[in-house]
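As a plain string of letters, each chain reads:
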Amino acid sequence: MTRFAAPSNFQAVLTDSAASSDPTDISPSTESSDALTFHGLKPLAAKRERELQEIFGDSGLLARAIDGYRSREPQTEMARAVAAAMDTHDTLIAEAGTGTGKTYAYLVPAMLWGGKTIISTGTKHLQDQIFARDIPTVRRALAVPVTVAMLKGRSNYLCHYYLERAQQEGRFASRHEAAQLREITTFAQITHSGDKAELASVPENAPIWAQVTSTRDNCLGQECPRYKDCFVMLARKEAQQADLVVVNHHLFFADVMLRDTGMAELLPSANTVIFDEAHQLPETATLFFGETVSTSQLLELARDCVAEGLIHARDAADWVKLGANLERAARDVRLTFGQENTRMSVTQLPDDHELFGALDSVDLALQDLIETLQHQSERAEALGACLRRALELHQQLERWQTGATPPTPGEPPLPLLDPDAPRVTDGKREKAAKAREAEAARLAAEAKSANAAEDASGGNGKSEKTYTPAETVRWIEVFSQTVQLHQTPLSIAPIFAKQRAGAPRAWIFTSATLSVKGNFMHYAAQLGLDAGKSLTLASPFDYPNQSLLYVPRGLPQPSAPNFTDAVLDAALPVLEVSGGRAFVLCTTLRAVNRAAERLREEFERRGWPYPLLVQGEASRTELLDRFRALGNAVLIGSQSFWEGVDVRGEALSLVIIDKLPFAPPDDPVLAARLDALTKKGLSPFAVHQLPQAVITLKQGAGRLIRSEADRGVLMICDPRLVDKPYGRRIWQSLPPFKRTRELPIVRGFFDEMAADAQG
């Protein structure tokens, strides 16, 4: 069988080099100061080694119990490293290439030696898969009596109290919504878990769920008349009693600041914490370690105050007027910006921007509501809950306006608003303006302080472990109906380090994409981990024979105005020879829309029978189901399709990536982080932007080959991959695809695939 090699001129450009003068190469020395360690950990005991071999070997327990199981050395190696970390309550970063079988590699030692184990995933899909498929399979194979529970966020569980309130109010947007409520009412009488995912006839994103589930804000807690029947409390109780608990990252990190997910009770008792899809942790942790106030929260508060006020204290106040005033003030915040969605740092706004006056009006409306609730809250727990929400939102708004640092993890809550305190004054806006002026000065001062501390430690990076509040950036995100006010830490490492402190336990971080050419420094620095305690496990797939990396010639730079059309010009002949069966992964929604418009026209004009599926035209799950079923479709998507998508077989044989996924420069948090790195004398591009782009690109590239039988072409349409010095570091971090820049080679590859399929 003929195999296609890259032409010599391409090899000259894309060739591994032992010595690189690339200024972006920040890899540490490969020499180890402790050659006796096992991936930076204490070596595993011989008895453990033998036990793992008896489980993962060719005739081991897994092979005997699981049809089609094949022993893989990388999987066994990862299991050894995970077991070593568990034995010594240490930390491990494990990058496991696609097909390694990392889930079994951590489940086996977790069930045997992990003690109480929390497994956290990046997506609910993987959470469900591990709980319903992988754990039962391994548990049967090992014949171990471990108990298992799955815990989700409270919005996934039906709430008896709010279901009854929705039935009483009878406010529905349509007859269809009323019918859905009847289905939910029947479901409530027969379900054991209350998990809305079990009611397939009512989609999980249906608006009716918001009326019949609770939030952290509006939950009545132990004062709820249905507390003994609460599905959330039942799930948490089961999680407390289980040996293995499967959660997701959002649930795990929400508790650090909110103490509302049940993790507050789970984490102290855990011996092992395993993060799967761990590449998502920095972004997820940043989201939860910061603080966000949205106009949606204000609108929900206004709605709930009116509803509960009319039920429990109708004669005490004009609840409709109070709610309307807050609702109007919240909606006016959105009107201070134009129609376009946008995001910006607070320092980009002039001091006289209309936003600040609108926030003053929100403050006044909130204080009116608080004043009334303080006099009525004892009449019903529901009104007390509304009061607590109003006070918390008031405090968050105050912190955002003045630039005060949000509470740190574990801090006691701030004192409640003094009812005798002065109301909004003209001095507040002046105070907020001064806070914005001080923002830049604070960044410079803290950077200087950090450098001084490093100098004082003698340059060895060691200093006394004390927690200091994280440096933050305040920014605004504007959507079509909502405005969100964010205060986000520039580094989550000290906050996460505080969360990990305390009782000794093992911490495992695993994903297919954590390193840049085997270097974990970027990932480890983001979370405050030791990059030396890590291992890279190569995929067992035969990439040189199963796949081809194609970088077309003659494309303009991504900044060119006609770049997307040039990408599509290059993609059309490849789509023709692939017979559709493609993902077109874009870095922006604008590119998604342009690609959809252009390909729809081209397919119709050329008479190509390839169905076109576009992000936004249906849910991601529905689009993927249709893609698999059709067999020759072309799916166009952006970020949500770059990861967590598993399409095996001939339905996906081509992945087209428009350009290298560098984060957009208009991201206020990224801009502030890059500025902080510059102030420390570091290269923002080498230290942050490039490693992050590599990890994201590896995720996108990983959609192509999902099994030993898959074959296909990865087409990256960014000339910087070849033209720029840093391009080498990028493609060297990808799996070992055979590489070409010539379209005839691509055509030959697909011709060979077709011949093999027929033969």
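Anything mentioned here points back to the structure above.
This structure is a prediction, so every number in the text was calculated from the model and none was measured.

Glancing now at the pairing of strand S13 (residues 582-585). Residues Ala582 and Val584 point to one face of S13 and Phe583 and Leu585 to the other, with burial holding for every one of them. Where S13 and strand S15 (residues 634-637) come together, four bridges link them in parallel fashion. Following the sheet pairing, phenylalanine 583 is matched in S15 by leucine 635. Bridge analysis of S13 against strand S16 (residues 654-657) gives four bridges, and the strand direction is parallel. What sits directly across from leucine 585, in S16, is isoleucine 657.

This part takes up the sheet that holds strand S11 (residues 534-537). Sheet strands line up and pair through hydrogen bonds in the backbone, either parallel or antiparallel. Taking strand neighbours across the sheet as the criterion, the seven strands line up as S3-S4-S2-S5-S10-S1-S11 in an open arrangement whose pairing is parallel. Looking along the sheet, the strands with just one partner apiece sit at the ends: strand S3 (148-150) and S11. Strand after strand, the sheet turns through a mean of 15 degrees between neighbouring axes, direction not considered. Where strand S1 (residues 91-96) meets S11, four bridges bridge the pair, whose relative direction is parallel. Across the sheet, isoleucine 93 pairs through a bridge with serine 534, a residue of S11.

Mapping proline 136 onto the fold places it in helix H6 (residues 124-142). Proline 136 sits in the buried class, given a relative accessible area of 16%. With 12 residues separating them in the primary sequence, proline 136 and valine 148 have C-alpha atoms 9.2 Å apart. Look past the residues within four positions of proline 136 in its chain and what remains in contact with it is Ile130 and Phe131.

A separate point is the pairing of S16. Burial along S16 is two-sided: the residues Leu654 and Ile656 and Val655 and Ile657 are all buried. As paired elements, S16 and strand S17 (residues 712-716) share four bridges and run parallel to each other. Paired with leucine 654 across the two strands is valine 713, which belongs to S17.

Before going further, it helps to spend a moment on the pattern of salt bridges. This model, assessed by the stated rule, comprises 42 salt bridges. The residue arginine 165 makes a salt bridge to glutamate 169 at a minimum N-O spacing of 3.5 Å. On the criterion of helical spacing, the pair formed by arginine 165 and glutamate 169 is a turn pair, its members being four residues apart in helix H7 (residues 160-169). Given a relative accessible area of 26%, glutamate 169 falls into the partly exposed group. Notably, a salt bridge pairs glutamate 308 with arginine 165, separated by 2.6 Å at the nearest N-O pair. Here the residue glutamate 308 occupies a position in helix H14 (residues 295-312), and arginine 165 occupies one in helix H7, the gap between them amounting to 143 residues. Each member of the pair, glutamate 308 together with arginine 165, is buried. One continuous salt-bridge network, built from bridges that share partners, spans Asp565, Asp569, Arg594, Glu597, Arg598, Glu602, Arg605 and Arg606.

Across the interface, helix H5 (residues 102-113) lies against H6 with an axial gap of 10 Å and an inter-helix angle of 60 degrees. Overall, the two elements H5 and H6 adopt an arrangement that is oblique. The two elements H5 and H6 cross, and the hand of that crossing is right-handed. Note on element contacts: H6 touches H5 through Ile130, Asp134, Ile135, Thr137, Val138, Arg139 and Leu142, opposite Thr103, Tyr104, Tyr106, Leu107, Val108, Met111 and Leu112.

Now for the nonpolar core. Judged by nonpolar contacts, the single largest core of 50 residues is most densely connected at Leu151, Leu158, Ile184, Phe253, Phe275, Phe509 and Tyr523. Once you skip the residues sitting within four places of it in the chain, phenylalanine 275 turns out to touch Ser120, His249, Phe252, Phe253, Leu281, Phe496, Trp507, Ile508, Phe509 and Thr510. Counting residues in hydrophobic clusters, the runner-up holds 44 residues, among them Ile55, Ile66, Leu92 and Tyr106.

What follows covers the packing of H14 against helix H17 (residues 381-402). Remark: H14 packs on H17, axes separated minimally by 9 Å, with the N-to-C direction vectors making an angle of 155 degrees. It follows from the interaxial angle that H14 and H17 lie roughly antiparallel. Where H14 crosses over H17, the handedness of that crossing is left-handed. Along the contact surface, H14 presents Gln297, Leu298, Glu300, Leu301, Asp304, Cys305, Glu308, Gly309 and His312, while H17 presents Ala382, Leu383, Cys386, Arg389, Ala390 and Leu393. Here the residues of the contact of H14 with H17 are counted per class, giving eight nonpolar, three polar and four charged.

Right, let's get into unusual backbone geometry. At histidine 89, a position not held by glycine, the phi torsion is positive, near 50 degrees. One non-glycine residue, lysine 517, adopts positive backbone phi at about 55 degrees. Tracing the chain through its elements places lysine 517 in the loop between strand S10 (506-511) and helix H20 (521-527).

A few words now on H17. In a regular helix each residue adds 1.5 Å, so 22 residues correspond to 32 Å; H17 covers 32 Å between its end C-alpha atoms and thus fits that length. The buried fraction of H17 is high, at 18 of 22 residues. Phi turns positive one or two residues past the end of H17, at glycine 403, with a value near 80 degrees.

This part is about the packing of aromatic side chains. Inspection of the entire model under this criterion finds 21 aromatic pairs. Ring centres of phenylalanine 496 and phenylalanine 509 lie 6.1 Å apart, and the angle between their planes is 80 degrees; on these two criteria the pair is classed as edge-to-face. Taken as a pair, phenylalanine 496 in helix H19 (residues 493-500) and phenylalanine 509 in strand S10 lie far apart in primary sequence, 13 residues in all. Owing to a relative accessible area of 0%, phenylalanine 496 belongs among the buried residues under this scheme. When the centroid spacing of 5.7 Å and the interplanar angle of 45 degrees are considered together, the rings of phenylalanine 603 and tryptophan 608 count as tilted. For the pair phenylalanine 603 and tryptophan 608, one class covers both residues: buried. Chaining the aromatic ring pairs together yields one cluster made of Phe252, Phe253, Phe275, Phe289, Phe496, Trp507 and Phe509. Just above the ring of tryptophan 400 sits the side chain of arginine 474; from NZ or CZ to the centre is 5.7 Å.

This paragraph deals with the sheet that holds strand S8 (residues 472-478). Strand order in the open sheet formed by four strands is S6-S9-S8-S7, with antiparallel pairing between adjacent strands. The strands lining the two open edges of the sheet, one partner per strand, are strand S6 (291-294) and strand S7 (342-345). Strand after strand, the sheet turns through a mean of 15 degrees between neighbouring axes, direction not considered. Relative to S8, S7 runs antiparallel, the two sharing four bridges.

Parameters at a glance
Residues numbered from 1 in each chain as written. Predicted model: local features only at pLDDT ≥ 70, side-chain atom pairs only at ≥ 80, totals over all residues. Heavy atoms only, no water. Buried < 20%, exposed > 50% of the residue type's maximum accessible area, 1.4 Å probe, protein only. Helix = DSSP H or I, 4+ residues; strand = E, 2+ residues; numbered from the N terminus. Pairing = 2+ DSSP bridges. Axes fitted to C-alpha atoms, helices over the stretch in contact; angles between N-to-C directions. Contact = heavy atoms within 4.5 Å. Salt bridge = Lys/Arg side-chain N within 4 Å of Asp/Glu carboxyl O. Parallel < 35°, antiparallel > 145°, perpendicular 65-115°, else oblique. Left-handed = near helix turned anticlockwise from the far one by under 90°. Core = buried A, V, L, I, M, F, W, Y, C linked by side-chain atoms within 4.5 Å. Nonpolar A, V, L, I, M, F, W, Y, C, P; charged D, E, K, R; others polar. Expected span 1.5 Å × (residues − 1). Phe/Tyr/Trp six-rings, centres within 6.5 Å; stacked < 30°, edge-to-face > 60°. Lys NZ or Arg CZ within 6 Å of the ring centre and 35° of its normal.

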